[in-house]
Amino acid sequence: MKAGGGLLRLGELQAVVPLRPTCVLFGARLGRTQTRSGNIKKTWFPKPIMKTFVIGIGGVTNGGKTTLAKNLQKHLPNCSIISQDDFFKPESEIDKDENGFLQYDVLEALNMEKMMSAVSCWMEKPGHSAGPAALESAKGVPILIIEGFLLFNYKPLDSIWNRSYFLTIPYEECKRRRSTRVYEPPDPPGYFDGHVWPMYLKHRQAMDTITWEIVYLDGTRSEEDLVSQVYEDVKQELEKQNGKYCSFKPDGGGKSNLENSSLHSKNGVHKCQHGETAFTHSLLENKSESEI
Ligand SMILES: Nc1ncnc2c1ncn2[C@@H]1O[C@H](COP(=O)(O)OP(=O)(O)O)[C@@H](O)[C@H]1O
Ligand SMILES: NC(=O)c1ccc[n+]([C@@H]2O[C@H](COP(=O)(O)O)[C@@H](O)[C@H]2O)c1
């Protein structure tokens, strides 16, 4: 993890926790995978030694998932990010359809086992960093943001989410944003309409069967609006799940967090008007294992 709380990329994660093909799992949360033969395989996430909070940010390509995750990370203490984009298989392993389009927008294009391994390793040492232990414990509940375009279609992750968000943008805006972004390999002509958007619609439809709550976010709203909404929501969820909202570490004057944070509510919309320090409070103290 970057010292300044930067995006946790796979390479950095490996630097902190060497990735193994499968981590030692002592299960707390049960996930389920359906094997090709139709059998249900149980997947255990390791029981973290402390309470954790896992946020899923799914959504359409170029919907603003990475941007929102990074913006949230600036304001949430002890927060790591795992990006699904880091787990694409090499081009040589990607199937092509009859039109010659590489099939990137399907789960098979991703090394999801490797991604699950990264998640499991985080669970084993949540919020682990090189910082002194005393500092770690002062940071509050370790938070993991997992962001990616095919999160909620991947059953083994179903049991992990404490809160799920899904960013949407209209077709035209998506096509416009996508046209300015260069992937490796770059999109060939006709790729958006011939592969990307149809696959998105298919995966959206498959999400109809999801049983847990997903908060849909309008990705055309400003970055500030989006981070403010999600931040407030996460804060409330943490309060709910832990029965109390705890120790705000004020930057000045010992004021309440809202007074102090300059999150002004206007017509129900919270605007973040100050910089990062506005959010520098510990969301919740860690709980002992017996309380989990
Ligand atoms: N709220 C927003 N409003 C307008 N443009 C945005 C917003 N969030 C992200 N973008 C832009 O959209 C593009 C894709 O953003 P990104 O966060 O990489 O999306 P994703 O991770 O969903 O593919 C980038 O050019 C980014 O600057
Ligand atoms: N990272 C890669 O190796 C790679 C290559 C080609 C396309 N893509 C695209 O990445 C998209 C998913 O990522 P975003 O949600 O960040 O746009 C998919 O729509 C896929 O077409 C990724």
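Here the structure is a predicted model, which means the values were calculated and not measured.

A. The arrangement of the sheet that holds strand S5 (residues 143–147) in detail. Pairing is parallel across the open sheet formed by five strands, whose spatial order is S4-S5-S3-S6-S7. Because the sheet does not close on itself, it has two edges, and the strands there are strand S4 (79–83) and strand S7 (215–218). Geometrically, the sheet is characterised by an average inter-axis angle of 20° between neighbouring strands, direction not taken into account.

B. Layout of the pattern of salt bridges. Evaluated as defined, the whole model comprises 10 salt bridges. Between arginine 181 and aspartate 85 there is a salt bridge, and its shortest N-O distance comes to 3.7 Å. Pair noted here: arginine 181 is in the loop between helix H5 (171–179) and helix H6 (191–206) and aspartate 85 is in the loop between S4 and helix H3 (112–124), with a separation of 96 residues, a long-range link. Lysine 175 is paired through a salt bridge with aspartate 193; the nearest N and O atoms lie 2.7 Å apart.

C. Representation of unusual backbone geometry in the model. The peptide bond linking glutamate 184 to proline 185 adopts the cis configuration, its omega dihedral lying at 5°. Position of proline 185 relative to the elements: it lies in the loop between H5 and H6. Even without being glycine, asparagine 62 reaches a positive phi, approximately 65°. A positive phi angle, near 55°, is found at asparagine 78, a position not held by glycine.

D. Spotlight on empty space enclosed by the protein. In the structure shown here, the tally under the stated rule is three cavities of 30 Å³ or more. One number sums up the size of the largest cavity: a volume of about 110 Å³. Along the wall of the largest cavity there are 14 residues; nearest its centre are Gly59, Phe149, Leu150, Tyr200 and His203. In terms of residue count, H6 provides more of the lining of the largest cavity than any other element does, five residues in total. For the lining of the largest cavity, the per-class residue count stands at eight nonpolar, four polar and two charged.

E. Highlighting the site of ligand 2. Inspection of the region around ligand 2 gives Thr61, Asn62, Lys65, Asp85, Phe88, Tyr104, Asp105, Phe149, Arg178, Arg181, Tyr183 and Glu184 as its neighbouring residues. In this structure, aspartate 85 approaches ligand 2 through a side-chain N or O atom, which is 2.7 Å from an oxygen atom. In the model, an oxygen atom of ligand 2 is placed 2.5 Å from a nitrogen or oxygen of the tyrosine 183 side chain. Compared with its free state, where it exposes 500 Å², ligand 2 has 91% of that area covered by protein. The residue inventory of the shell around ligand 2, partitioned by class, reads four nonpolar, two polar and six charged.

Rules of the game
Residues numbered from 1 in each chain as written. Chains lettered and ligands numbered in written order. Predicted model: local features only at pLDDT ≥ 70, side-chain atom pairs only at ≥ 80, totals over all residues. Heavy atoms only, no water. Pairing = 2+ DSSP bridges. Helix = DSSP H or I, 4+ residues; strand = E, 2+ residues; numbered from the N terminus. Axes fitted to C-alpha atoms, helices over the stretch in contact; angles between N-to-C directions. Salt bridge = Lys/Arg side-chain N within 4 Å of Asp/Glu carboxyl O. 1 Å grid on protein atoms, 1.4 Å probe; cavity = no way out; pocket = protein on both sides within 12 Å on 5 of 7 lines; lining within 4 Å. Points joined across faces, edges and corners; volume = space filled by probe spheres on them. Nonpolar A, V, L, I, M, F, W, Y, C, P; charged D, E, K, R; others polar. Near = heavy atom within 4 Å. Polar contact = N/O pair within 3.5 Å; in protein donor to acceptor, adjacent residues only side chain to side chain. Areas by Shrake-Rupley, 256 points an atom, 1.4 Å probe, with all protein chains shown as cover.

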